[in-house]
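Residue-level listing of the chains:
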Amino acid sequence: MAASTLATFLRDRRTRLDPATFGLSGRRRTPGLRREEVAQRANISPTWYTWLEQGRGGAPSADVLNRIARAMLLTEAEREHLFMLGLGRPPEARYTSIDGVSPRLQRFIDRLDTCPAIVKTATWDVVAWNCAATIVLSDYGKLPPGERNMLRYLFRSPEIRAKQHDWEAIARFSIAAFRADAARAGAVSQIGELVEELSEASADFRRIWAENEISAPGEGAKRLAHPLLGTIDLEYSAFAVDGRVDLNLMVYTPVDPNVAERIRDLVQDRR
C-alpha cells in the first residue's frame, strides 16, 4: 500500500511539472516531464525511477528521495510528505537561515499589547519582536542585526544579567534549550562560531556548556527585576511557526494583571 501511494504521488508531481521551467521544448503527448527526464535530473537510473512510479523495487533510500525532491523542485512540505510515503518518517532537518518574518506574523505579535513576544531562530537570533518586548525584555531594534542573539546577550550584557532574578538558573536552562533547538533544527554546524566566541568571552558559558545538559520545555516561568515595573513574574509559552522547527515564537504573559495594564500603558505611550 505504501509503495502504491508513493508511486501515485510521484506520478502526480511529475505530470504537474512544466517542461519549459527546465528549458525543455517540443510537443508532448502527455503533460509534465518524462520519467527519464526526472531520473536524469535526480542522477538515478531511469529503470529504478520507473519502478518507483510502478510501486516496485522496495523502499528507496533517503539519498534517492532527496535527489528526487530536488529534481522535482518540491517544497519542504512536499519533501516531508515524500519521505513519509517512502520511508515512514520525516527527513532529517535542514537548517536554513532567516532574516525576518512574514508581515502577517509581525501584525499578530504587534497586537499583543500586554505580552512581550519575540520570534527567534534555532540559533537563537531574534528576528522579530513587539513593542512590549522592547519595554520588558530588550530593545532589539537598537542592536545591529548580528548582535540580536539571545544567548550572546545573556552572557555578554551586564544589563540583561542584572535583570535576572536567578541568573545561574536562567543560564543553565538557556544553554540546555539552545542545544536542543539547534539539534532539532539540524543547525549544530551553524552554532560552532557562536559557541567558540562565548566560550572565550565567558567563563560561565564555558563551564555550563561543558556539562552537556539538554532540555526542551515548551513553557515555564521567569522573574525579572525591571527598572520601571519593579520585580515582575512572567509565564512563557513557545510555539513553532508554521510547523517549522527552525523558528520559534515566544510569548511572555505577566502573572499580575496590574503589571499587564502598566505594560499596556507603556506600549500606548510609545505609539
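Enquirer: Provide a residue-level description of the state of the cysteines, including the pertinent values.
Expert: Summed over the entire model, instances satisfying the criterion amount to zero disulfides. Cys-131 provides the cysteine sulfur closest to Cys-115, a residue in no disulfide bond, and the two sulfurs are 13 Å apart. Its relative accessible area of 21% is what places Cys-131 among the partly exposed residues.

Enquirer: Describe the packing of aromatic side chains, listing the residues and the values that go with them.
Expert: Counting across every chain of the model gives nine aromatic pairs. Through a chain of ring-to-ring contacts, three or more aromatic side chains come together here, namely Trp-124, Phe-155, Trp-167, Phe-178, Phe-205 and Trp-209. The residue whose ring lies beneath Arg-161 is Trp-167, and the NZ or CZ to ring-centre distance is 3.6 Å. Looking at Arg-179, its charged tip hangs above the ring of Trp-209, at a distance of 3.9 Å from the centre.

Enquirer: Break down the pairing of strand β2 (residues 126-129) for me, citing the residues and quoting the values.
Expert: Of the pairings in the sheet, the one linking strand β1 (residues 117-121) to β2 comprises three bridges and is antiparallel in character. Bridge pairing in β2 places Lys-120 opposite Val-126. The antiparallel hairpin formed by β1 and β2 contains four residues in its connecting segment, where Trp-124 sits at a positive phi of about 70 degrees.

Enquirer: Can you explain the pairing of strand β4 (residues 230-241)? Please cite residues and give values.
Expert: Examined bridge by bridge, strand β3 (residues 219-226) and β4 share eight bridges and lie antiparallel to one another. By the bridge assignment for β4, Ala-221 is matched with Glu-235. In this structure, the hairpin formed by β3 and β4 is closed by a connection of three residues.

Enquirer: Which residues make up the environment of Tyr-252, and what are the values?
Expert: One can find Tyr-252 in strand β5 (residues 244-254). A relative accessible area of 5% means that Tyr-252 is categorised as buried. Taking the C-alpha atoms as reference points, Tyr-252 and Val-136, 116 residues apart in sequence, are found 9.6 Å from one another. Other than its neighbours up to four places away in sequence, Tyr-252 contacts Cys-115, Pro-116, Leu-137, Met-150, Lys-222, Leu-234, Glu-235 and Tyr-236.

Enquirer: Quick rundown of the environment of Val-127? Include the residues and the values.
Expert: If you trace the backbone, Val-127 turns up in strand β2. Classification of Val-127 as buried rests on a relative accessible area of 14%.

Enquirer: How would you sum up the environment of Met-72? Please name residues and give values.
Expert: Inspection of the secondary structure puts Met-72 in the loop between α4 (62-71) and α5 (76-87). What makes Met-72 buried here is its relative accessible area of 3%. Taking the C-alpha atoms as reference points, Met-72 and Leu-10, separated by 62 residues in sequence, lie 9.2 Å from one another. Not counting residues up to four positions away in its chain, the partners in contact with Met-72 are Leu-10, Arg-13, Arg-14, Leu-17, Val-38 and Tyr-49.

Enquirer: Summarise the pattern of salt bridges; cite the residues concerned and give the values.
Expert: Pairing is possible between side chains of opposite charge, provided their charged atoms come close. Scanning the entire structure with this criterion turns up 19 salt bridges. Glu-168 is paired through a salt bridge with Arg-207; the nearest N and O atoms lie 3.0 Å apart. A residue pair is termed long-range when its members are at least 10 positions apart, and Glu-168 in helix α10 (residues 167-184) and Arg-207 in helix α12 (residues 203-209) qualify at 39 residues. According to the relative accessible area criterion, Glu-168 is partly exposed, its value standing at 27%. When its relative accessible area of 36% is taken as the criterion, Arg-207 is described as partly exposed.

Enquirer: So what about the layout of surface pockets? Which residues, and what values?
Expert: In this model, the largest pocket occupies a volume close to 540 Å³. Surrounding the largest pocket, 31 residues form its lining, Trp-124, Met-150, Phe-173, Met-250 and Tyr-252 being those nearest its centre. Breaking the lining of the largest pocket down by element, the ones donating at least two residues are α8 (150-156), α9 (158-163), α10, β3, β4 and β5. Broken down by element, the lining of the largest pocket gets its largest block of residues, seven residues, from α10.

Enquirer: Kindly report on the nonpolar core, identifying the contributing residues and their values.
Expert: In this structure, Ile-118, Val-136 and Phe-155 are the most contacted members of the largest nonpolar core, which totals 41 residues. A per-element tally of this core places α10 first, with seven residues. When residues no more than four places from it in sequence are discounted, the contact partners of Val-136 are Pro-116, Lys-163, Leu-224, His-226, Leu-229, Ile-232, Leu-234 and Ile-263. Of all hydrophobic cores here, the second largest spans 23 residues; its members include Leu-6, Ile-44, Met-72 and Leu-82.

Enquirer: I'd like a description of unusual backbone geometry, backed by residues and values.
Expert: Although it is not a glycine, Trp-124 adopts a positive phi angle of roughly 70 degrees. By secondary structure assignment, the location of Trp-124 is in the loop between β1 and β2. Positive phi is not limited to glycine here, since Asn-212 has a value of about 60 degrees. Here Asn-212 shows up in the loop between α12 and β3. Residue classification places Asn-212 among the exposed positions, given a relative accessible area of 52%.

Cut-offs and rules
Residues numbered from 1 in each chain as written. Predicted model: local features only at pLDDT ≥ 70, side-chain atom pairs only at ≥ 80, totals over all residues. Heavy atoms only, no water. Disulfide = S-S within 2.5 Å. Buried < 20%, exposed > 50% of the residue type's maximum accessible area, 1.4 Å probe, protein only. Phe/Tyr/Trp six-rings, centres within 6.5 Å; stacked < 30°, edge-to-face > 60°. Lys NZ or Arg CZ within 6 Å of the ring centre and 35° of its normal. Pairing = 2+ DSSP bridges. Helix = DSSP H or I, 4+ residues; strand = E, 2+ residues; numbered from the N terminus. Contact = heavy atoms within 4.5 Å. Salt bridge = Lys/Arg side-chain N within 4 Å of Asp/Glu carboxyl O. 1 Å grid on protein atoms, 1.4 Å probe; cavity = no way out; pocket = protein on both sides within 12 Å on 5 of 7 lines; lining within 4 Å. Points joined across faces, edges and corners; volume = space filled by probe spheres on them. Core = buried A, V, L, I, M, F, W, Y, C linked by side-chain atoms within 4.5 Å.

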